[in-house]
Amino acid sequence: MKRTIDDNILAKYFDHTATAAQLEKINNWLEEDPKNEVLLKQYHQIWTASNAEVKNFEPNVKAAWEQIEPKLEVHKKQPNYLRIAAVAVGVLLISTYLILTNNRPTEYLSFKSEADTQTKTLADGSTITLNSFSLLEYPEEFESDERRIKLIGEAFFDIAKNPDKPFIIEANGTEIKVLGTSFNVTARDENVKVSVNSGRVEFKKTEKKKVILEKGDEAIYESKKDTITAAPIFDRNVFAYKTKIFEFKNTKIEEVVSTLNKGYKSNIKLEGSNWENYALTTKFENENLFEALGIIAETLDLKVENKDKSYILVKNTVSE
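Keep in mind that what you see is a predicted model, and the values were worked out from it rather than measured. (Residues numbered from 1 in each chain as written. Predicted model: local features only at pLDDT ≥ 70, side-chain atom pairs only at ≥ 80, totals over all residues. Heavy atoms only, no water.)

Here we look at the nonpolar core
Here is the rule we go by: The term nonpolar core refers to a set of buried residues drawn from Ala, Val, Leu, Ile, Met, Phe, Trp, Tyr and Cys, joined through side-chain atoms within 4.5 Å. Any residue under 20% of the maximum accessible area for its type is buried, any over 50% is exposed, and the rest in between are partly exposed; the area is computed with a 1.4 Å probe on protein chains only. The way it works is that DSSP assigns letters per residue, a run of H or I at least four long becomes a helix, a run of E at least two long becomes a strand, and they are numbered from the N terminus. Contacts: residue pairs with any heavy atoms within 4.5 Å of one another.
Counting residues in each nonpolar core, the largest one holds 31 residues, and the members touching the most others are Phe157, Phe167, Ile176, Phe183, Val194 and Phe203. Ranked by the residues each element gives to this core, the list is headed by strand 8 (residues 147-158), at four residues. Residues in contact with phenylalanine 167, not counting those within four places in the same chain, are Leu122, Asp124, Ser126, Ile128, Phe142, Arg147, Ile149, Phe157, Ile159, Ile176, Lys177 and Val178. The next biggest cluster of nonpolar side chains, apart from the first, holds 21 residues, and it includes Val256, Leu260, Ile268 and Leu302.

Written out as structure tokens, the structure is:
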């Protein structure tokens with residue numbers, strides 16, 4: 001597909017200076033064609049290596065990822081303002097505005113993920129698994145009467161119980177408050193989705209605009225409508241990148257492939273066309289990718305081929 005995204009927009013994206021309109025253009029571009037995700041990764045590699053050699057990029061723009069190195073970095077927050085942060089996305093885009101409400105400066109550490117998931121255990125014993133291209137900000141120790149952190153992107157939380165010190169996640173102007181539970185938060189754009197795996201969660205925009213979620217519930221905050229809507233979890237595989245448990249019930253093979261690619265960070269493809277009649281009902285629990293593909297191949301009478309770091313599913317028989 002012909003590339004239609006402007007290099008200068010990409011430069012501002014990597015530098016964390018893109019406007020909301022520019023971020024929307026990048027997000028739309030990524031959704032137009034899966035190949036654009038590969039292009040974005042290639043541009044990021046070039047940008048990181050030597051942005052002076054990249055054509056059309058503004059020469060005074062610094063690579064965004066250099067500002068949040070994989071090592072833990074301590075940086076001081078101002079009392080009432082946190083700058084716009086935008087971090088590069090794989091299939092996926094991150095952009096948010098976070099506003100501090102504390103009256104005193106707080107020192108935070110940064111922890112990020114790139115193409116692969118990353119797991120961090122906090123001082124209280126809580127475990128956080130970042131999905132690809134996500135950023136976590138947290139204090140080294142939870143010294144106040146609450147445990148407050150910030151998220152840009154997507155993460156699965158397994159929170160250590162402490163009734164006297166609630167755990168609070170800030171994401172795109174919303175707050176998720178828990179005492180001890182496990183759940184997923186997606187905050188890759190101006191909207192926020194919370195899906196609860198266990199326990200009980202309070203999800204709020206304001207005191208008058210909040211919902212209580214329990215196991216099997218999820219809620220979405222839609223920024224444009226300024227509403228929070230709760231419902232049963234639509235996609236049980238929302239946790240799969242963390243749990244490696246995948247459930248399919250008469251699911252179209254195209255959706256199966258898409259879900260596995262997201263969960264395993266893999267590149268599975270279907271050879272040819274006419275896959276409409278191929279559907280899968282099964283459950284994978286901690287199988288590795290090769291084992292899962294073997295089960296799919298045996299169930300649907302397919303072959304698995306490995307080409308150029310991709311797995312190709314091929315029909316054993318050709319439909320007439």
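Picking up where we left off.
Describing the side chain of serine 310
Note that serine 310 resides in strand 21 (residues 310-315). The exposure class assigned to serine 310 is buried, which follows from its relative accessible area of 3%. Every residue in contact with serine 310, bar those within four places of it in the chain, is listed here: Asn267, Lys269 and Glu305.

Some points on the pattern of salt bridges
Working definition: two side chains of opposite charge can pair if their charged atoms are close together. Definition in use: The term salt bridge refers to a pairing of a side-chain nitrogen on Lys or Arg with a carboxyl oxygen on Asp or Glu at a separation within 4 Å.
Across all of its chains, the model carries 15 salt bridges by this definition. When the shortest N-O distance is used, the salt bridge between glutamate 170 and lysine 150 registers 2.8 Å. Of the two residues, glutamate 170 is situated in strand 9 (residues 167-171) and lysine 150 in strand 8; the sequence distance between them amounts to 20 residues. Classification of glutamate 170 as buried rests on a relative accessible area of 7%. Among the salt bridges present, the one from glutamate 207 reaches lysine 210, with a minimum N-O distance of 3.2 Å. A relative accessible area of 38% places lysine 210 in the partly exposed class. Put simply, Glu146, Arg148, Lys150, Glu170 and Glu175 are held in one network by salt bridges that share partners.

Brief notes about the sheet that holds strand 21
As a reminder, the rule being used: By the convention used here, strands pair only if DSSP detects at least 2 bridges between them. Angular values range over 0 to 180 degrees, each being the angle between N-to-C directions of two axes fitted as lines to C-alpha atoms, with helices fitted over their stretch in contact.
Read across the sheet, three strands follow the order 18-21-20 without closing on themselves; strand pairing throughout is mixed. Looking at which strands have only one partner, the edges of the open sheet turn out to be strand 18 (268-270) and strand 20 (302-307). The average undirected angle you get between the axes of adjacent strands in this sheet is 30°. As paired elements, strand 18 and strand 21 share three bridges and run parallel to each other. Among the inter-strand pairings, leucine 270 is bridged to a residue of strand 21, identified as leucine 313. The sheet contacts of helix 5 (residues 253-264) involve strand 18 and strand 21, and relative to strand 18 the element is tilted by about 165°.

Here's the deal with the side chain of glutamate 154
Among the structural elements, glutamate 154 can be located in strand 8. Owing to a relative accessible area of 10%, glutamate 154 belongs among the buried residues under this scheme.

Notes on the packing of helix 5 against helix 6 (residues 289-300)
To keep it simple, the criterion reads: Each angle receives one of four descriptions, namely roughly parallel if under 35 degrees, roughly antiparallel if over 145, roughly perpendicular if within 65 to 115, and oblique otherwise. Under the grouping applied here, Gly and all other residues not named as nonpolar or charged are polar, the nonpolar ones being Ala, Val, Leu, Ile, Met, Phe, Trp, Tyr, Cys and Pro and the charged ones Asp, Glu, Lys and Arg.
Packing of helix 5 against helix 6 leaves a shortest axis separation of 12 Å and a crossing angle of 170°. Relative to helix 6, the element helix 5 is oriented roughly antiparallel. Facing helix 5, whose interface residues are Ile253, Val256, Leu260 and Tyr264, helix 6 presents Leu289, Ala292, Ile296 and Leu300. Per-class residue counts for the contact of helix 5 with helix 6 are eight nonpolar, no polar and no charged.

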